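Close look at the chain arrangement
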There are 6 protein chains.
Amino acid sequence: MQLLNWRQLDALIDAALEEDLGLAGDITSQGIFDASARISVKFVAREPGVLAGMPVALRVFSRLDPSIASGVLIPDGARFDAGTALAYANGPAATVLAAERTALNFLRHLTGIATLTDAYVQKVRHTKARITDTRKTTPLLRSLEKYAVRMGGGLNHRFGLFDAALVKDNHIAAAGSIRDAIRRLRASIPHTATITCEVDRLDQIPEALDGGADSILLDNFTVADLRKAVELIGAKARTEASGGVNLTTVQAIAETGVDLVSVGALTHSARQIDIALDAG
Amino acid sequence: MQLLNWRQLDALIDAALEEDLGLAGDITSQGIFDASARISVKFVAREPGVLAGMPVALRVFSRLDPSIASGVLIPDGARFDAGTALAYANGPAATVLAAERTALNFLRHLTGIATLTDAYVQKVRHTKARITDTRKTTPLLRSLEKYAVRMGGGLNHRFGLFDAALVKDNHIAAAGSIRDAIRRLRASIPHTATITCEVDRLDQIPEALDGGADSILLDNFTVADLRKAVELIGAKARTEASGGVNLTTVQAIAETGVDLVSVGALTHSARQIDIALDAG
Amino acid sequence: MQLLNWRQLDALIDAALEEDLGLAGDITSQGIFDASARISVKFVAREPGVLAGMPVALRVFSRLDPSIASGVLIPDGARFDAGTALAYANGPAATVLAAERTALNFLRHLTGIATLTDAYVQKVRHTKARITDTRKTTPLLRSLEKYAVRMGGGLNHRFGLFDAALVKDNHIAAAGSIRDAIRRLRASIPHTATITCEVDRLDQIPEALDGGADSILLDNFTVADLRKAVELIGAKARTEASGGVNLTTVQAIAETGVDLVSVGALTHSARQIDIALDAG
Amino acid sequence: MQLLNWRQLDALIDAALEEDLGLAGDITSQGIFDASARISVKFVAREPGVLAGMPVALRVFSRLDPSIASGVLIPDGARFDAGTALAYANGPAATVLAAERTALNFLRHLTGIATLTDAYVQKVRHTKARITDTRKTTPLLRSLEKYAVRMGGGLNHRFGLFDAALVKDNHIAAAGSIRDAIRRLRASIPHTATITCEVDRLDQIPEALDGGADSILLDNFTVADLRKAVELIGAKARTEASGGVNLTTVQAIAETGVDLVSVGALTHSARQIDIALDAG
Amino acid sequence: MQLLNWRQLDALIDAALEEDLGLAGDITSQGIFDASARISVKFVAREPGVLAGMPVALRVFSRLDPSIASGVLIPDGARFDAGTALAYANGPAATVLAAERTALNFLRHLTGIATLTDAYVQKVRHTKARITDTRKTTPLLRSLEKYAVRMGGGLNHRFGLFDAALVKDNHIAAAGSIRDAIRRLRASIPHTATITCEVDRLDQIPEALDGGADSILLDNFTVADLRKAVELIGAKARTEASGGVNLTTVQAIAETGVDLVSVGALTHSARQIDIALDAG
Amino acid sequence: MQLLNWRQLDALIDAALEEDLGLAGDITSQGIFDASARISVKFVAREPGVLAGMPVALRVFSRLDPSIASGVLIPDGARFDAGTALAYANGPAATVLAAERTALNFLRHLTGIATLTDAYVQKVRHTKARITDTRKTTPLLRSLEKYAVRMGGGLNHRFGLFDAALVKDNHIAAAGSIRDAIRRLRASIPHTATITCEVDRLDQIPEALDGGADSILLDNFTVADLRKAVELIGAKARTEASGGVNLTTVQAIAETGVDLVSVGALTHSARQIDIALDAG
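Now for a quick tour of the structure. Quick caveat, the model's predicted, so the values are computed rather than measured.

Let's shift gears to the relation of the copies chain C and chain A. At an RMSD of 0.0 Å, chain C and chain A line up after a rotation of 120° and a shift of 0.0 Å along the axis. In short, the pair behaves as if placed about a three-fold rotation axis. When C-alpha positions in chain C are compared against the rotation axis, the closest is assigned to A11(C), at 7.2 Å.

This part covers the relation of the copies chain F and chain E. Relating one copy of the chain to the other takes a rotation about an axis and a shift parallel to that axis. Superposition record for chain F on chain E: RMSD 0.0 Å, screw rotation 180°, translation along axis 0.0 Å. One copy is carried onto the other by what is essentially a two-fold rotation axis. Residue by residue, 100% of the interface of chain F is reproduced at the interface of chain E, so both copies engage with the same surface.

Here the focus is the sheet that holds strand β3 (residues 69-72) of chain B. Within a sheet, adjacent strands bond to each other through the backbone by hydrogen bonds, running parallel or antiparallel. All names here are of chain B. Pairing is antiparallel across the open sheet formed by four strands, whose spatial order is β3-β5-β1-β12. Of all strands in the sheet, those with a lone pairing partner are β3 and β12 (275-279), marking the two edges. Neighbouring strand axes in the sheet, compared pairwise and without regard to direction, differ in orientation by 20° on average. Across seven bridges, the pairing between strand β1 (residues 38-45) and strand β5 (residues 85-92) is antiparallel. Note on β5: the bridge partner recorded for V41 is A89. Contacting β1, β5 and β12, helix α4 (residues 93-123) crosses the sheet at an angle of about 15° to β1.

Contacts between the two partners involve seven residues from chain C, matched on the other side by 14 residues from chain A. When chain C packs against chain A, close to 970 Å² is buried across both sides, 59% of that on carbon and sulfur atoms. It is M1(C), L3(C) and R7(C) in chain C that bury the most area against chain A; as a group they hold 70% of the surface buried on that side. Where chain C packs against chain A, one counts one salt bridge. Ionic pairing is found between R7(C) and E18(A), a salt bridge with its closest N-O pair at 3.3 Å. Summed over the shared surface of chain C and chain A, the result is three residue pairs in polar contact (both at pLDDT 80 or more). Residues that form the side of chain C that touches chain A fall into these classes: three nonpolar, three polar and one charged.

What follows concerns the nonpolar core. Within the largest apolar cluster, 192 residues are counted, with the highest numbers of intra-cluster contacts made by F43(A), L218(A), V261(A), F43(B), L218(B) and V261(B). The contacts of V261(A), once residues within four sequence positions are left out, are A129(A), R130(A), I131(A), T132(A), A241(A), V245(A), V250(A), I253(A) and A254(A).

With that settled, consider the interface of chain F and chain E. Of the residues lining the interface, 58 residues belong to chain F; the matching set on chain E comes to 58 residues. On inspection of chain F and its partner chain E, the count reaches six salt bridges. Residue R184(E) pairs with D34(F) through a salt bridge whose shortest N-O separation is 3.8 Å. Where chain F touches chain E, the interface holds 28 residue pairs in polar contact (both at pLDDT 80 or more). Counting only elements with at least two residues in the side of chain F that touches chain E, the list comes to α1 (6-21), α2 (27-32), α4 (93-124), α5 (142-151), β7 (165-167), α6 (169-175) and α7 (178-188) of chain F. Grouping the constituent residues of the side of chain F that touches chain E by class yields 29 nonpolar, 16 polar and 13 charged.

Criteria and thresholds
Along every chain, residues carry numbers that run from 1 in the direction the sequence is written. Note on labels: chains are lettered from A, ligands numbered from 1, in written order. The predicted origin of the model limits local features to residues at a pLDDT of at least 70 and limits the giving and counting of side-chain atom pairs to 80 or more, whereas totals for whole chains, interfaces and linings rest on all residues. Water and hydrogen atoms play no part in the side-chain values, which are based on all heavy atoms of the structure. In superposing the copies, a least-squares fit is computed on C-alpha atoms, taking residues whose pLDDT is at least 70 in both. Contacts are assigned to residue pairs that have any heavy atoms within 4.5 Å of one another. Two strands make a pair as long as DSSP finds a minimum of two bridges between them. Think of it this way: any DSSP run of H or I at least four residues long counts as a helix, any run of E at least two long counts as a strand, and we number them from the N terminus. For helices, the fitted axis covers only the stretch in contact; all axes are lines through C-alpha atoms, and the angles between them, taken along N-to-C directions, range from 0 to 180 degrees. Buried area: the accessible surface (1.4 Å probe) lost by two parts on joining, summed over both. Here, a salt bridge means any side-chain nitrogen of Lys or Arg that lies within 4 Å of a carboxyl oxygen of Asp or Glu. Here a polar contact is taken to be a pair of N or O atoms separated by no more than 3.5 Å, where protein atoms must pair a possible hydrogen donor with a possible acceptor and residues adjacent in sequence count only if both atoms sit in side chains. For this classification, Asp, Glu, Lys and Arg are treated as charged, while Ala, Val, Leu, Ile, Met, Phe, Trp, Tyr, Cys and Pro are nonpolar and the rest, including Gly, are polar. We define a nonpolar core as any set of buried Ala, Val, Leu, Ile, Met, Phe, Trp, Tyr and Cys residues linked to one another through side-chain atoms lying within 4.5 Å. Whether a residue is buried, partly exposed or exposed follows from its accessible area with a 1.4 Å probe, protein chains only, as a fraction of its type maximum: under 20%, in between, or over 50%, in that order.

Have a look at this one:
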């Protein structure tokens, strides 16, 4: 069951509406439409994709004007073709049109992420690897973007710096060794949080395992080295590949047997999927 | 003189930091670094581009920890090559590293937009046309994204629905005619706001001119029709081309003599420019 | 169709209620009324005027207590006599009375502005001039005060510094000339924003027209000079008179043929219209 | 020692700046001034008055741009003549001018209140009566307006519904009698809060005194009845006159011997005092 | 009639939910429950007490998910035994369980305070003394904690520093004498606010009475001295005992005849009452 | 290195100050002290304890008035005796005294938690068990209370529902079995989050281990059963005891060999430690 955090989302939606409407509002529509003018619109896909964010897009309408009625026609997470009607809304013309662009800005961005995630997931579905996101997200949209990744079939990585530990070069240098870094963390962070150790050479792996890392992040490893790493690590820790992952390379990477492949582009460079609002 | 709205940006930056740090903070760095551990970092470009957002990225550090010192090495709006050092920061290792990802998330996104805008601008610099953005922006980042467009040499379109009028199909249908739509607006909106009329056929232009539109937005016109429209309109109104604009088509569009070419992709689908933080 | 920005207004109303109620609330009413005590009240005018802000006043009741029912008896923008019942509300005595003063504080202030605006508008209705407001508004109430001006038949000027340009002495001095100031602005501000040039002498007008100003603000001109300015400018730009405008002078100023007359007093010095809440 | 609540005021000032600057800022000044352009300005009175709010006005500058320097030349509460320089500011031209109107909007409004309060205070200085304000204040500005009343020599009434009890008709009817209303309040409100009883007839006074009211508010009493009431009440409670108070009537009202005269117009209908910003 | 300030409480509740749910929410329940899974729960007391805060606890559910239905079974202020069912809620399992801990954290804390207050009140019910709270409250919960004190039968002291004056050592020293301190306050604070004077010796009382203090706070007096103070003061001022008050000493203190006994422990050290949520 | 989240804490502190000061401020001190009156104060312990929250307490002063100077004399986490001077502050008397109570309310509460945590930690220091907190915290203070637990030598449990999974009865029933519950979670929650399974009988342990739980929470087990559980589980998962833990029972519980003992009372029922502000 997917729950969206409406307390946070409503604030986000309101701020997005404020950005577009300012204090004066949609001066064109207010100047032209009578209070009695109504409109019915449909969200229609102009190209295929995997849907994400429609409940958010429809919430934009109801936050602006609770009298706008709306409903989804296919659920988030579903694949759609060009031309598919995805949802509908109807209400006062002046407020429906005022909300249009803000609603689409959320929807097209999130659907772009879900669609790209799905493309990666399809490439690796014959392996045990899960596609996962990173912290390379758009400021203030992380929660929604991670939701879109899940809608595309991906698995989320840690949400932020606060919910899991990731030991990198600078930490190892400061602690003196991988082992000491992990030991310090076990003594200070909640026992419910995992520790991942990032390595960029095979020879760092034994110490990370000895230290008791829960996961090993294999950064910028060649496919050959990934295979060696997976064998070396076995069931002692989770394995995660990162770096140089794209739609061309992801299959070979996943076939090395790693548990996870993390892809920054899912959230930082997905292009929008073209969805428009058609009247009538 | 470019002024950033720090009252708004600080709230944005704080929210972005909150997203990454939560209430518990960077549990890895806090668990490992001593209060005395310090680090010096440089922002280094991994590929060429046009810089935008460095003051925002550096502000991320000072919002998190005022004791972090930082400075820009090249100004926003400047073109850079791969390998260029763009800015520096130094301070407590635990806070510098905690701010890193949030700072980069802003910077890489905005620099991506400036770089893409610049690509368009270079294609049309032999014409009088200005490249302009749209309202297809990322929720909550419109102000920054429009700033990035300016850094890339573009001109901003209206900020939102509140600062200028744009008459579209639905408005014309509700008002009865283009002329009536414009008349109604002149009677109700501030006299300081302009009215643009969107048309998708040449034969709509005379009425828009008669009605007294300040600008005519020529949507999805062929290059041939754009040329005819420009001739028809002359100095009576500004001309703006939109629809089907990409790096391949923009030059021919601009050479029709239009005043403006608006490009949604500048803000909704620019890929990030790769910039990293190097220690030492 | 007039749309009020409830997202912003609700925050304003809540803050106004907080100001009056604090954390402890209306200690008198809470100490005396039982939960079952109910009251019916009417908003009654004690003097004639033009109504503005009743939806805001009634919203004060529903924000404090959604169980309070209320309705308007005459619409905003309507003229009323002393003794007219303007709206009603009924609900729990403790919350109706707690909201009373806050509701009246909004209503009487806004109705004062609409009434004063109407007085100016009546003086110039035989001319083509529109009465317009200024940025001399009460902090945090600009949006509502500009709405009240519209309810009184006025036209709004630019909302703030962000939605239109106004070139004054200091700008001209910095740019070197009126022409250079306008040229710089055309290159940097959205093409959808107009440029007004403020002048205080007739001989500045030709340069402003040459520079391509959309409007000329004639500040503190004598009626004779206003007439000359209007002739000189013709259809080349909008004309706006400001300075020394009051209910005695406004007619002669408007009869010079200017398009607009701006009046700071509309928002900064309108006295409240006396409206009270009568029980029963 | 007068302390302004900067936590609250800074939020107010920021919101006022936001209202005028939006997200795009002062597009005129940003488009014209170079970063190096600086300006020195003085606040100069165009008419005499009693100053209130200068620290707030100057804070507007520093909130917008901490690099603006400023200082007061005469303190709040001081009387000034037309032509007096009241304060100065200097800094970047683009930000000084952007803050100007917001600063003046606060200052002129508050100085208007202090000046009007002072006019009332001067009329009654030969009596023991203090001039006091009411809850008829501008939404969100109550704290500042009450400060302005103090600067004009007035005494503040209760801040809101939460810090003192005021028993009116509806309360008395609900409780059954004045005595029962006061008894109920003593049992439920903090023992540190006073109870005022509003009466509109002389014959209500004995019961209010028996009930133990701390103050008696004599609403719309004739001067003759006020005199009788003052005699009747003696030292048993404070006496406060309200209703029909204006600059013509206040002296006679005060000379009846009442302790307090409350004047709604101080905060709801004071006209602004003309103060301008002069460059150079 | 007790009114809770929902404008403030909703913000508090939302922040408390945010604290527990973050942006990712209850990952356990979302991962396991289907959207159709529902649950019915009861709040059941594990030990006896006096209820306070149930409307707040139930509001936690509806703020998180408006589709959760709930109702109280006994009112706030009522005494209950171990095993009593206090309220019920039913709705989607994922949201009911997600709200559980936050609801209980409010409820158990407030009920702890009401129960402890009641214990003090029972000890002094044969005297005229009222038990009152102090400003030693939990940050951000003062309003609720004072409500809980009322539910336990206590009387609230001043809400904060703003609604009544309390003269202590430092003030007396700065003013020169108790009399001068009170005189200064009468000239500057609202006439509707009372002045309490804190004394720690019998010989300070005459001057406080002469100065016109409304209340005398007798701090850390022995029972014998309290008795002398009460006699000395008579009806000239209210008397309040503070310091060294606990469940063992409170009766003797109250029997001295003081009007009020203030107890810091009511809000700063009440232990929680054990209430749990039982399914089914 | 302990980092406090000042972005969040400053908002908390400001809200706490607002609660005590309202809009009118400390009317006593403002009415009495001159701007030149200054005071020096020391935080002095009235009983022994373990310090937590002094940086927060001192921040209260600087948030209210940046001109107040202050410094810690012993660090958070240090043990102190009655009579120890813990920190100092000096500045304007009116603001130092206005901040006093708010500062103490934070400090005494947090020091109470650290001191109680330390008492538990001392009881188990000869075992490998760590004392850990729960989610039974005071609304809005969780972050600070968990900090206080760390200052007292405790280890934090998960921060909230979002950063680790905890499978309880209702989840197991909904999923069908412990194994299915864990399987579902592994497929949906971030791979970086751990899964704890709560059991209340020994015979549930094998399935939890088979399912792959990271930790087993042994709820309300007898000491004898705890010992059996520890043996049964061995190194296959972490073990945590909860329920019925108090200062009398904790030693025997820890001596069973469990990894963790969680204690709700640390945060929900610690009494405050008496610390006062002494002038001079």
